[in-house]
Amino acid sequence: MKDAIVQVTGLVKKFGEIEAVRGIDFSVEHGSIFAFLGPNGAGKTTTIKILTTLLKPTSGKILVNGFDPLTHQNDVRRSFGIVFQDPSLDDELTAYENMEFHGVLYNIPQKLRKNRIEELLKFTELWERRNDLVKNFSGGMRRRLEIARGLLHHPKILFLDEPTLGLDPQTRNHIWEYIRNLNTKENITVFFTTHYIAEAEQSAKQVAIIDHGQIITRGTPEEIKRQAKTSSLEEAFISLTGKEIREETMGTKELFRNSHKMWRRS
Amino acid sequence: MNAIYILWLRQIKRYFRSKSRLVGSLGQPLLFLLALSFGFGPIFQKAGIGNYLEFLAPGIIAMGILFTALFSGIEIIWDKQFGFLKETLVAPVTRIKIMIGRTLGGATIATVQGIIVLLIASLIGFKFEMIGVIPSLAFMFLIALIFTALGTAIASMLEDMQGFQLIMNFLVMPIFFLSGAIFPLGDLPESISIITSSNPLSYGVDGLRGVLINSSHFGISLDLLVLIVTSGILLLIGGYLFSRIEI
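Description of the structure in this document. (Residues numbered from 1 in each chain as written. Chains lettered and ligands numbered in written order. Predicted model: local features only at pLDDT ≥ 70, side-chain atom pairs only at ≥ 80, totals over all residues.)

1. Focus on the overall build of chain B
For clarity, the threshold we go by: Secondary structure elements are taken from DSSP: a helix is a run of H or I of four residues or more, a strand is a run of E of two residues or more, and numbering for both begins at the N terminus. Computation of the radius of gyration draws on C-alpha atoms, with the globule rule given as 2.2 Å multiplied by the number of residues to the power 0.38. With C-beta atoms placed from the backbone, a residue counts as buried when 20 or more other C-beta atoms lie within 10 Å of its own, as exposed when 12 or fewer do, and as partly exposed for counts between those limits. Each residue is represented by a C-beta atom placed from its backbone, and any two residues with such atoms within 7 Å are regarded as in contact.
Helix and strand counts for chain B come out as ten helices and zero strands. In summary, chain B has a C-alpha radius of gyration of 18 Å against a globular reference of 18 Å for 247 residues, a match within 12%. Its C-alpha atoms give chain B principal-axis dimensions of roughly 60 × 35 × 35 Å. Put simply, chain B has 247 residues, and 47% of those count as buried. The contacts of chain B with a sequence gap of at least 6 include a subset with a gap of at least 24, amounting to 81%.

Structure (structure tokens):
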């Protein structure tokens, strides 16, 4: 595809014997909103980690904003912003300090950094709370802060790994408004995963569905519905990936994180 | 440089904001200082070796640094589990810089801890050479650097806190007790003597004694040499292991 910001060909990732991603091809058009859907354990997060230089692929070719993550790691890193599936803010720092930290790491000059932080915190309606510690923030505020932080260095593409997980419908709506707004105003490409298929149907221009490490279909939401002969994308998703429930293996890390969450809420 | 500075600053801010950690980490050195110096002081005196508090204080300063420095390594696991590490790992900064920034932050905190123990010790009667304070800071920082790097190396290989705790228990206590922090290194049985002389903390404690109370077992220049070489090696190992972290 011409004018692709992400180009993936024959991507394979093995963890020992397990093949998490088995030779996938897809591309994401510049300036589009791209939904990467799949059941638990399908290989979504692994693919995002490879695209964002956190993991090295076993084989295959990738270009992000024209750069190869293997050879031009830092060029790729400057090209994207990311909101991870699980929180990645420093709870003991304030919202402003989290932004400042990011800005310095990305080497944004001080004056520009200051203006940009103010602009983004206002955009995500967190400016009034900028000097509060993040540990006192609600889930929705954290997500907004993470989105603001991901945008600080003017990325060409924003990766959102389940950005609305665990949020109430109001907050989800709110966050999607920001994202669509960004996409049209700043022409940022958005690459997201979600389990709320309706969100993908509503916002995505392009969708790819991955299951068992392979892409099973790609296209616009309309094309996929037509192909599966269903009236909603959610039904299409279920008819394509089957009704079987996937068990996502929970490592110690997740267990620990969950117990920490419970402990904090109680 | 900026990246290293902001990573350092983050560690410092987190430390001074966590009041419980500040207070909690002082309890143990204080207890050791009080119980041991008042408990063993008279016997030490009778044995004709001198004032036990003076002998003990540098050891407890080193202990405070050891604990804080090694546990600052735990923050890598913490950041791994609570996600913040990813934020630094996707930034256009080399892993080595991230590791250096974190290690310097951890080492600075541990040094501050050492200074606080020194102040507490002087409050309960520890008399030391004023002129030795400046060089003692260098020794404190080297001890801090060694054990922060060691903590980083260990934490880079581990996934969860439980494993870290286990290693800490099998590492912190032996390093502390077999370092000459609480007993003189001369006239030890040979087996113990071999262990104490291969323990880097022994040279840290000895160096501190050398500059603070003018009494050194190995000699200050040997202490300094061993500490510098060890910290260099551990920084390399820590940097290598940290650069291999996959999330």
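2. Side note on the overall build of chain A
Helices and strands together make up the secondary structure of chain A, namely ten helices and nine strands. Taking 2.2 N^0.38 as the reference for a compact globule, 266 residues should give roughly 18 Å; the C-alpha atoms of chain A span a radius of gyration of 18 Å, in line with that estimate. Seen through its C-alpha atoms, chain A measures out along the principal axes to roughly 50 × 45 × 40 Å. Of the contacts made within chain A by residues no fewer than 6 positions apart, 67% connect residues no fewer than 24 positions apart.

3. A word on helix H1 (residues 2-17) of chain B
Rules: Working rule for helices: expected span equals 1.5 Å times residues minus one.
Relative to the 22 Å expected for 16 residues at 1.5 Å per residue, H1(B) spans 22 Å between its end C-alpha atoms, a close match to the ideal helical length. Three or more residues of H1(B) are buried, namely Ala3(B), Ile6(B), Leu7(B), Trp8(B), Arg10(B), Gln11(B) and Tyr15(B). Residues of H1(B) that are buried make contact with helix H3 (95-105) of chain A together with helix H2 (19-46) and helix H5 (95-123) of chain B.

4. Considering the interface of chain A and chain B
Frequently, the measure chosen for interface size is the accessible area removed from exposure when the parts meet. Heads up, the condition is: Amino acids are sorted into nonpolar (Ala, Val, Leu, Ile, Met, Phe, Trp, Tyr, Cys and Pro), charged (Asp, Glu, Lys and Arg) and polar (every other residue, Gly among them).
Each partner contributes to the interface: chain A provides 25 residues, whereas chain B provides 23 residues. If you tally residues by element for the side of chain A that touches chain B, the top one is helix H10 (residues 252-265) of chain A, at four residues. Looking at the side of chain A that touches chain B, its residues break down into twelve nonpolar, six polar and seven charged.

5. Some thoughts on the nonpolar core
Considering soluble globular proteins, one finds that nonpolar side chains tend to be buried as a cluster. How we decide: As used throughout, a nonpolar core is a set of buried Ala, Val, Leu, Ile, Met, Phe, Trp, Tyr and Cys residues joined through C-beta atoms within 7 Å of each other.
With 135 residues, the main nonpolar core has Ala62(B), Leu66(B) and Ile143(B) as its most contacted residues. At 16 residues, helix H3 (residues 52-81) of chain B tops the list of elements feeding residues into this core.

6. Structural notes on unusual backbone geometry
The phi dihedral of Asn187(A) falls on the positive side, at around 55 degrees, and the residue is not glycine. Within the secondary structure layout, Asn187(A) lies in the loop between helix H6 (169-185) and strand E7 (189-193). The residue Asp187(B) is not glycine, and still its phi comes out positive at about 55 degrees. Structurally, the position occupied by Asp187(B) is in the loop between helix H7 (161-177) and helix H8 (190-197).

7. So, the sheet that holds strand E8 (residues 206-211) of chain A
Residues and elements named next belong to chain A. Selection rule: Two strands form a pair only when DSSP identifies at least two bridges running between them. As a rule, the C-alpha atoms of each element are fitted with a line to give its axis, helices using only the stretch in contact, and angles between N-to-C directions run from 0 to 180 degrees.
One open sheet accounts for six strands, arranged E5-E6-E7-E3-E8-E9; its pairing is mixed. Where the open sheet ends on each side, the last strands, each with one partner, are strand E5 (80-83) and strand E9 (214-219). Between one strand axis and the next, the sheet turns by 15 degrees as a mean value, whatever way the strands run. As paired strands, E8 and E9 are joined by five bridges and run antiparallel to one another. Of the residues in E9, the one forming a bridge with Asp211 is Gln214. The sheet contacts of helix H8 (residues 221-228) involve E8 and E9, and relative to E9 the element is tilted by about 110 degrees.

8. A closer look at the pairing of strand E3 (residues 33-37) of chain A
The two faces of the sheet receive side chains in turn, since in a regular strand these alternate between them. Residue and element names in this part refer to chain A. Across the five residues that make up E3, a large majority, five, are buried. Residues of E3 alternate between two faces, with Ile33, Ala35 and Leu37 on one and Phe34 and Phe36 on the opposite face, all of them buried. Note: E3 against E7, three bridges, orientation parallel. Opposite Phe34, over in E7, you have Phe191 as the bridge partner.

9. Points about helix H1 (residues 44-51) of chain A
Each turn of an α-helix holds 3.6 residues, which means side chains three or four residues apart point in the same direction. Residues and elements named next belong to chain A. Of all eight residues that make up H1, eight are buried, and the element is covered over most of its length. Buried within H1 are the following residues: Lys44, Thr45, Thr46, Thr47, Ile48, Lys49, Ile50 and Leu51. Directly beyond the C-terminal end of H1, a positive phi value near 65 degrees is found at Thr53.

10. Comments concerning the packing of H2(B) against H3(B)
Residue and element names in this part refer to chain B. What counts is decided by this rule: Small angles under 35 degrees read as roughly parallel and large ones over 145 as roughly antiparallel, with 65 to 115 read as roughly perpendicular and the rest as oblique. Here is the rule for handedness: rotate from the far helix to the near one, and if that takes an anticlockwise turn smaller than a right angle the crossing is left-handed, while a clockwise turn gives right-handed.
Taken N-terminus to C-terminus, the directions of H2 and H3 make an angle of 155 degrees; their axes are 9 Å apart at the nearest point. Considering their axes alone, H2 and H3 lie roughly antiparallel with respect to each other. For the crossing formed where H2 meets H3, the hand is right-handed. Between H2 and H3, the contacting residues are Ser25, Gln28, Pro29, Phe32, Leu33, Leu36, Ser37, Phe40, Gly41 and Phe44 on the first element and Tyr52, Leu53, Leu56, Ala57, Ile60, Met63, Gly64, Phe67 and Thr68 on the second. Residues of the contact of H2 with H3, tallied by class, amount to 13 nonpolar, six polar and no charged.

11. Let's talk about the sheet that holds strand E4 (residues 59-64) of chain A
Residue and element names in this part refer to chain A. Ordered in space as E2-E1-E4, the three strands form an open sheet in which the pairing is antiparallel. Two strands lie at the open edges of the sheet, namely strand E2 (18-29) and E4, each paired on one side alone. Between one strand axis and the next, the sheet turns by 15 degrees as a mean value, whatever way the strands run. Bridge count between strand E1 (residues 4-15) and E2: nine bridges; the pairing is antiparallel. In the strand pairing of E2, Val8 is matched with Phe26. Contacts between H1 and the sheet are confined to E1, E2 and E4, with E1 contributing the most and set at about 115 degrees to the helix.

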